[in-house]
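# Secondary and tertiary structure notes
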Amino acid sequence: MDDLFIARSLFGTTMAFHIIFATIGVGLPLMILAAELTYQKTKDQDYVVMAKRWTKAFAVLLGVGIPTGTIAGVQLSLLWPGFMEVIGRVMPLPFQIEIYAFFIEALFMSIYVYAAERIAPWMRIASLILVAIGALSSAVLITNVHAFQGTPAGFRYENGQFTDINPWEAFFNPSFFVTAGHVALSAYVVGAFVVASVAAFKMRKHETGTRVYQLHQKALKLTLILGCLFAFLTALNGHESAQYLHEYQPEKLAAAEGLFETQSHAPLAIGGVTDKETKEIKGAIEIPWALSFLAGNSFDTVVVGLNDFPEDEWPPLFIHTLFNGMVGIGSILIVIPLLVWAWRKLLKKDHYPKPLLWILVCTGPLAVLAIEFGWIFACTGRQPWVIYRILKTAESATTATNLSTLFILFIAVYIILAIAVVLVLLYFFRKNTELDDIERAEKKNVPLYSSNT
Amino acid sequence: MADALIAITVLWGFVFIYAVMATMDFGAGFWSMVYINREKTRATNIANRYLSPTWEVTNTFIVALVVAVYSLFPTAAYNLGTILLIPGSIILLLLALRSAFLVFSNIATEYKKPLTYISGIAGIIIPGLLISVLPITHGKFVDYGDGFANLNLGRLFSSPNVYAFIGFAICSTLFLSSLLLADYSKTAGEMDAYRVYLRDGRILGPISLIFAFLIMFTLQNEAEWLYERMMDDLPLLLISVAFFLIIGVGLYAPSIFQKGVMGMPRLSVIAATLQYLIASYVYGKAHLPYIIYPNVTIESAFTDPNSFRAVFITYIVGFAILFPGFIYFWSLFMHDKKYLRQKG
């Protein structure tokens with residue numbers, strides 16, 4: 001394996017591991033906030049219990065999310081010094097402002113968890129809102145760097161020199177809002193369905209109508225509503241993202257859709273495998289004219305195919321599958337909550353059958369999988385560029401060799417953390433059952449948030 | 001020149017703030033491990049009470065520091081990124097284990113001991129590795145074969161100067177954190193824990209000072225340019241040593257504020273902070289204009305002026321917004337007697 005490939009694999013592994021925690025870390029605070037606000041409205045203690053339990057889970061996940069985020073931030077400089085030199089010169093603002101968002105999240109997270117019983121309820125909600133804002137802003141700002149990589153702006157690049165640098169123009173690069181919006185909305189999808197998964201899993205284990213069952217049923221309802229809403233918004237935004245690709249990175253859209261010939265009335269290919277040799281897509285279901293319509297809102301839109309680009313600037317063709325996976329899961333996640341709603345309201349069934357609960361259990365892992373597909377698609381689909389048409393990934397990599405030992409060490413630590421975090425979560429929630437927390441919430445003067453037995 | 005100087009001052013300010021916060025943080029983690037079996041003194045509880053709400057905030061500063069390097073001195077970030085790949089990666093791995101297991105140890109109470117051991121030991125190695133960045137920037141350990149900078153690990157780890165720095169970092173971590181925890185436990189009214197940390201401070205203070213002298217002694221051979229320039233500010237270095245004596249007064253003299261109590265830990269904490277501030281100022285000033293001797297200077301590595309202005313404005317706005325948050329945080333966790341004196 002060459003050093004560039006190992007460097008990419010190492011950084012990719014870091015990101016793939018980190019984004020699980022980062023995405024849930026953005027999504028979960030909003031769910032906690034929704035539970036807290038529902039409590040204020042309904043005065044139903046169950047929502048406080050939910051908020052407490054999700055907060056504990058959030059705190060544990062932060063224990064991995066924060067250090068892996070630190071790794072990702074520093075590894076950028078260690079593995080891609082050439083890239084970070086350019087970013088530092090032209091695009092320093094997102095990282096810089098992200099620090100403040102990070103501080104807000106860290107300060108108020110500690111206040112929300114460790115001072116929950118000492119501060120006024122409105123202050124607790126205010127702290128939680130600040131945590132949610134901090135988490136969301138970090139995600140939006142980091143994604144902005146990714147947006148800049150695809151649609152660089154705010155400088156002139158001549159003879160290898162960056163001149164006329166305008167960092168705010170770089171900050172507000174063309175795809176900032178649409179890309180950051182996609183990441184933010186999809187993080188809420190993940191937050192909602194991860195909680196829904198756990199709720200469905202627990203409902204499966206308890207008798208219908210028991211106290212614990214009711215608690216999880218309320219959690220399921222709350223998160224399915226939010227999940228469906230955000231999945232729908234993500235899809236709308238995703239459509240816009242695709243149009244941005246059509247405008248700014250046509251070869252990425254072409255590879256995502258397996259389109260070789262430039263054409264109007266281009267078909268939308270679903271599934272199948274893109275073949276580099278024969279330059280066609282095999283085994284796909286093609287919807288005539290649909291791609292042109294998606295790209296430009298009219299069937300006459302000419303969509304540029306891969307043949308118009310030199311082959312050494314093609315993104316890897318497997319991104320077609322990743323793209324399909326992401327869109328497919330996103331669509332399923334809109335449909336499932338609607339099915340549940342139809343089952344409950346239209347067919348007037350008052351129980352959840354086991355198969356339905358199993359389907360709901362799958363939604364969380366699926367949502368996380370869609371995030372992974374989306375990020376791998378977005379980042380490998382930009383190759384061979386690290387900054388589109390400005391800087392190649394190969395040129396920005398570290399000159400150090402023998403990265404494989406480091407790669408193995410990082411993988412080992414990620415495996416340790418992954419196993420430990422699961423064990424710790426299982427341990428904690430087995431020791432502190434739903435009934436324990438319900439009891440604590442009902443008794444006044446018994447600490448709930450700082451409880452840990 | 002003025003802009004680059006402002007930028008390096010901001011950066012050095014971050015280095016100092018992080019250094020102080022990290023010593024408290026890693027030190028508290030280590031002490032909570034050391035005293036885990038002595039439940040009666042509650043020294044571990046005190047360390048945890050400080051650590052639980054603060055570690056995330058401390059961790060944010062290291063990210064702030066790295067971001068400041070690449071947004072203010074992108075060329076330095078390029079060079080540092082290249083040569084620090086190995087030590088930087090090891091620091092990151094240890095930091096990941098440390099932070100995660102710190103959180104886990106507070107959640108999985110039955111496994112508190114093994115989890116605390118992992119985070120405590122990983123945590124105490126980190127300052128030693130972090131400080132090795134300083135001797136690396138002195139230039140002697142970087143090879144420039146075939147156009148690329150490369151860190152010579154063999155030479156790095158056979159240098160007495162590097163070991164002096166590492167020893168200094170670890171001792172200082174334990175020293176400063178025991179001072180802070182002495183103060184913290186005194187405010188919390190945990191007098192058993194207070195006496196433990198006061199004793200630790202008394203032992204570790206002189207050892208830290210000896211390592212500081214060892215650094216200067218070995219620096220003479222290994223980075224003469226730096227040594228000469230530091231000695232130009234000998235009066236300041238002597239003032240720094242004088243503050244060390246004030247720390248001693250705070251540790252040994254009977255309190256003038258409370259009858260029958262030995263020591264004024266708050267005085268020691270403040271004097272220690274000033275002592276380290278002065279010493280780091282002298283070191284930093286002597287290090288200028290080099291970021292990595294002799295190839296990378298603050299001038300050659302400086303970012304684009306437009307970017308600098310934009311970043312600088314975000315610093316001012318950002319800290320104006322954050323400041324009330326820090327004050328509120330401090331009042332809840334450092335100042336609130338209800339939090340400090342809680343049971344358990």
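Residues numbered from 1 in each chain as written. Chains lettered and ligands numbered in written order. Predicted model: local features only at pLDDT ≥ 70, side-chain atom pairs only at ≥ 80, totals over all residues. Heavy atoms only, no water.

Worth spelling out the cut-off: UniProt positions are given in the numbering used here, feature names are shortened, and annotations may be inferred rather than shown by experiment.
Chain B is annotated in an unreviewed UniProt entry as Cytochrome bd-I ubiquinol oxidase subunit 2 apoprotein from Robertmurraya kyonggiensis. UniProt annotates chain B under Subcellular location (unreviewed entry) with the comment "Cell membrane". As stated in UniProt under Sequence similarities (unreviewed entry), the record for chain B gives "Belongs to the cytochrome ubiquinol oxidase subunit 2 family."

For chain A, an unreviewed UniProt entry supplies the name Cytochrome ubiquinol oxidase subunit I and the organism Robertmurraya kyonggiensis. What UniProt records for chain A under Subcellular location (unreviewed entry) is the sentence "Cell membrane".

## Details of the overall build of chain B
To keep it simple, the criterion reads: By the criteria applied, helices consist of DSSP H or I runs no shorter than four residues and strands consist of E runs no shorter than two, each listed in order from the N terminus. Here the radius of gyration uses the C-alpha set of atoms, whereas the globule reference equals 2.2 Å times the residue count to the power 0.38. Burial classes follow relative accessibility: with a 1.4 Å probe on protein chains only, a residue under 20% of its type's maximum area counts as buried, one over 50% as exposed, and anything between as partly exposed. Only heavy atoms enter the contact rule, under which two residues are in contact if any of them lie within 4.5 Å. Positive residues here are Lys and Arg, negative ones are Asp and Glu, while His and the chain termini are left out of the count. We put the charge of a Lys on NZ, of an Arg on CZ, of an Asp on CG and of a Glu on CD.
The helix and strand tally for chain B stands at 15 helices and 4 strands. A compact globule built from 344 residues should have a C-alpha radius of gyration of about 20 Å, and chain B, at 21 Å, falls within 12% of that. Each principal axis of the C-alpha distribution contributes one length, and for chain B these read about 60 × 40 × 40 Å. Buried residues in chain B amount to 60% of all 344 residues. Put simply, of all contacts in chain B between residues at least 6 apart along the chain, 76% involve residues at least 24 apart. For chain B, the centre of its 22 positive side-chain charges and the centre of its 19 negative side-chain charges are spaced 16 Å apart.

## Section: the packing of helix α2 (residues 45–79) of chain A against helix α2 (residues 43–72) of chain B
Using the following cut-off: Throughout, an axis means a line fitted to C-alpha atoms (over the contacting stretch in the case of helices), and angles, computed between N-to-C directions, take values from 0 to 180 degrees. Angles are sorted into four bins: roughly parallel if under 35 degrees, roughly antiparallel if over 145, roughly perpendicular if 65 to 115, and oblique for all others. By the definition used in this description, the sense in which the near helix is turned from the far one sets the handedness, with an anticlockwise turn below a right angle giving left-handed and a clockwise turn giving right-handed. Only Asp, Glu, Lys and Arg are considered charged, only Ala, Val, Leu, Ile, Met, Phe, Trp, Tyr, Cys and Pro nonpolar, and every remaining residue, Gly among them, polar.
Interaxial distance between α2(A) and α2(B) falls to 10 Å at its minimum, and their mutual angle equals 15°. One way to sum up the angle between α2(A) and α2(B) is to call them roughly parallel. For the pair α2(A) and α2(B), the sense of crossing is left-handed. Residues A:Leu62, A:Gly63, A:Ile66, A:Thr70, A:Gly73, A:Val74 and A:Ser77 of α2(A) lie in contact with α2(B), whose contacting residues are B:Trp55, B:Glu56, B:Asn59, B:Ile62, B:Val63, B:Val66 and B:Tyr70. A breakdown of the residues in the contact of α2(A) with α2(B) according to their chemical character gives 8 nonpolar, 5 polar and 1 charged.

## Some remarks on the packing of helix α4 (residues 93–114) of chain A against helix α5 (residues 121–150) of chain A
Residues and elements named next belong to chain A. Across the interface, α4 lies against α5 with an axial gap of 8 Å and an inter-helix angle of 155°. On the basis of the axis angle, α4 is roughly antiparallel to α5. Between α4 and α5 lies a crossing of left-handed hand. Across the contact of α4 with α5, the residue classes break down as 18 nonpolar, 5 polar and 3 charged.

## Points about the interface of chain B and chain A
Put simply, the rule reads: Take the accessible area each of two parts loses on contact, using a 1.4 Å probe, and add the two losses: that sum is the buried area. By definition here, a salt bridge exists when the distance from a side-chain nitrogen of Lys or Arg to a carboxyl oxygen of Asp or Glu is within 4 Å.
Taken together, the contact pairs 64 residues of chain B with 65 residues of chain A. Buried area between chain B and chain A, both sides added, is near 5,900 Å², and the carbon and sulfur share of it is 75%. Of all residues in chain B, the largest losses of buried area upon contact with chain A belong to B:Tyr70, B:Leu92 and B:Ile107, amounting jointly to 12% of the total for that side. Applying the counting criterion to the chain B and chain A interface returns 1 salt bridge. Among the elements of the structure, α2, α3 (74–83), α4 (85–107), α14 (305–333) and α15 (337–340) of chain B are those that each provide at least two residues to the side of chain B that touches chain A. Here the side of chain B that touches chain A takes 16 residues from α4(B), the largest share from any one element. Considering only residue class, the side of chain B that touches chain A consists of 41 nonpolar, 18 polar and 5 charged.

## Structural notes on the confidence of the model for chain B
Where we set the bar: pLDDT runs from 0 to 100 and stands for how confident the predictor is about each residue.
Chain-level statistics for chain B give a pLDDT mean of 88 and a share of 99% at 70 or above. Scored as a whole, the predicted complex attains pTM 0.90, and scored at its interfaces, ipTM 0.88.

## Considerations on the packing of aromatic side chains
The condition that has to hold: A pair of aromatic rings is counted whenever rings of Phe, Tyr or Trp (Trp by its six-membered ring) have centres within 6.5 Å, and the orientation is called stacked for planes under 30 degrees apart, edge-to-face for over 60 and tilted otherwise.
Taken as a whole and assessed by the stated rule, the structure comprises 47 aromatic pairs over all chains. Where A:Phe201 meets A:Trp358, the ring centres are 6.5 Å apart and the plane angle is 75°; that geometry is what we call edge-to-face. A residue pair is termed long-range when its members are at least 10 positions apart, and A:Phe201 in helix α7 (residues 176–205) and A:Trp358 in helix α12 (residues 354–380) qualify at 157 residues. Residue class for A:Phe201 comes out partly exposed when judged on its relative accessible area of 31%. Considering the side-chain rings of B:Phe175 and B:Phe244, the 6.4 Å spacing of their centres and the 50° angle between planes classify their relative orientation as tilted.

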